[in-house]
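The lines below spell out each chain.
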Amino acid sequence: MTSSHTDCHFCLQSLRGKKYALREENAYCVPCYDSLYANPCEECKQPIECSSKDLAYKGRHWHEGCFRCAKCSRSLVEKPFAAKDEVLLCTECYSDEYSSKCFHCQKTIMPGSRKMEFKGSSWHESCFVCQYCQQPLGTKPLITKDNENYCVPCFEKQFAHHCYACKKVITSGGVTYDDQPWHKECFVCAVCKTQLSRQRFISKDEYSYCVDCFSKFYAKKCAACKKPITAFGGAKYISFEERQWHGECFNCARCSASLVGQEFLTRQDDILCHKCGSA
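Residues numbered from 1 in each chain as written. Predicted model: local features only at pLDDT ≥ 70, side-chain atom pairs only at ≥ 80, totals over all residues. Heavy atoms only, no water.

A. The nonpolar core, seen in detail. Among the nonpolar cores identified, the biggest contains 15 residues, and Phe67, Cys69 and Leu76 are the most heavily contacted of them. For this core, the secondary structure elements donating two or more residues are strand 6 (87-90) and helix 2 (91-97). Of all hydrophobic cores here, the second largest spans 13 residues; its members include Val175, Trp182, Cys213 and Ala219. (Core = buried A, V, L, I, M, F, W, Y, C linked by side-chain atoms within 4.5 Å. Buried < 20%, exposed > 50% of the residue type's maximum accessible area, 1.4 Å probe, protein only. Helix = DSSP H or I, 4+ residues; strand = E, 2+ residues; numbered from the N terminus.)

B. Representation of the state of the cysteines within the structure. In total, this model carries 0 disulfides according to the counting rule given. Not part of a disulfide, Cys133 finds its nearest cysteine sulfur in Cys130, a span of 3.7 Å. Residue class for Cys133 comes out partly exposed when judged on its relative accessible area of 29%. Considering cysteine sulfurs only, Cys189 is the nearest to Cys192, which forms no disulfide, with 3.7 Å between them. (Disulfide = S-S within 2.5 Å.)

C. Structural view of a nonpolar patch on the surface. Side chains of Val191, Phe217 and Tyr218 sit close together on the surface and give an oily, nonpolar patch of about 280 Å² of accessible area. For Tyr218, the location among the structural elements is in the loop between helix 4 (211-217) and strand 17 (220-221). Of the residues examined, Tyr218 reaches a relative accessible area of 39% and is grouped as partly exposed. (Patch = residues over 30% accessible without salt bridge, like charges linked within 9 Å, V, L, I, M, F, W, Y side chains within 5 Å. Areas by Shrake-Rupley, 256 points an atom, 1.4 Å probe, with all protein chains shown as cover. Salt bridge = Lys/Arg side-chain N within 4 Å of Asp/Glu carboxyl O.)

D. Seen up close, the side chain of His63. Tracing the sequence through the fold places His63 in strand 4 (residues 60-63). Classification of His63 by relative accessible area gives buried; the value is 16%.

E. Summary view of the pairing of strand 15 (residues 201-204). One ladder, built from 4 bridges, connects strand 15 with strand 16 (residues 207-210); its direction is antiparallel. Bridge pairing in strand 16 links Lys204 to Tyr207. What sits between strand 15 and strand 16 in their antiparallel hairpin is a turn of 2 residues, with Asp205 showing a positive phi close to 55°. (Pairing = 2+ DSSP bridges.)

F. Seen up close, helix 1 (residues 30-37). By the burial criterion, the buried members of helix 1 are Cys32, Tyr33 and Asp34. Elements that come into contact with the buried residues of helix 1 comprise strand 1 (20-23) and strand 2 (26-29). (Contact = heavy atoms within 4.5 Å.)

G. Fine view of the pattern of salt bridges. Under the counting rule described, the total for this entry stands at 5 salt bridges. When the shortest N-O distance is used, the salt bridge between Lys204 and Asp205 registers 4.0 Å. On the basis of relative accessible area, Asp205 is assigned to the exposed category, the value being 62%.

H. The packing of aromatic side chains, seen in detail. By the definition in use, this model includes 22 aromatic pairs. Plain terms: the ring middles of Phe240 and Phe264 are 5.3 Å apart, the flat faces sit at 85° to each other, and that makes the pair edge-to-face. Of the two residues, Phe240 is situated in strand 19 (residues 237-240) and Phe264 in strand 21 (residues 264-267); the sequence distance between them amounts to 24 residues. Residue classification places Phe240 among the partly exposed residues on the basis of a relative accessible area of 23%. On the basis of relative accessible area, Phe264 is assigned to the partly exposed category, the value being 26%. In this structure, Lys145 is placed above the aromatic ring of Phe159, and the distance from its NZ or CZ to the ring centre is 5.1 Å. Against the face of Tyr164 rests Lys167, its NZ or CZ located 4.9 Å from the ring centre. (Phe/Tyr/Trp six-rings, centres within 6.5 Å; stacked < 30°, edge-to-face > 60°. Lys NZ or Arg CZ within 6 Å of the ring centre and 35° of its normal.)

Okay, here's the thing in structure tokens:
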């Protein structure tokens, strides 16, 4: 600008008819202003004169012509760029050198775009979707199967087992019985509701029972000891004329000899070995 001020604030030379620069309301001739206040260019190290455009980034300064990509030398003026270790790079060079590749499409995730990270890999936001419904997963809960990601509703619809009792999804800790999946808390005795997953049980007519309840309500009673005959504790029993015995209880009423696999005789409610019955 030409001056209405009369003298340079530093060298006191007349500014009449000359260009000058103002700083804090003081006028300076161009040489004085450049020597006192011009910023050095990061690239060429020369002062950025007041007649030149000064481009600044994080406290550093460049001539307009020096503001270039450190790798390909293309101008960065009015273009997006990135900085790495104080070096300026155009987005293409930065992507080639430092940007992540999308796990799904294998293309570069450009600086400034949103990146999703999961299990050590990166995705474009538009690529991080449910494998089934193709809706973005973002930060929603998800389940991975065979390296594919699913939102929880789709995973449950496609893969999850449903409890045979309550019909709800089994997400973890289920048990399998008779080829059917159950929640542990649903696989219980039909009578006392005790969980059966960690104890012996007996099934009857599509229901399962703990041993105590089955013995109490359904098991046949041994004609000798009067205790229930269950599938446990030997598993063998003898049945004769609507009476049953534990294998170890099927003995001669007189001599107590085992009659399992032997001929025997009956006398009223007693069973006898052939020798005692013939005496």
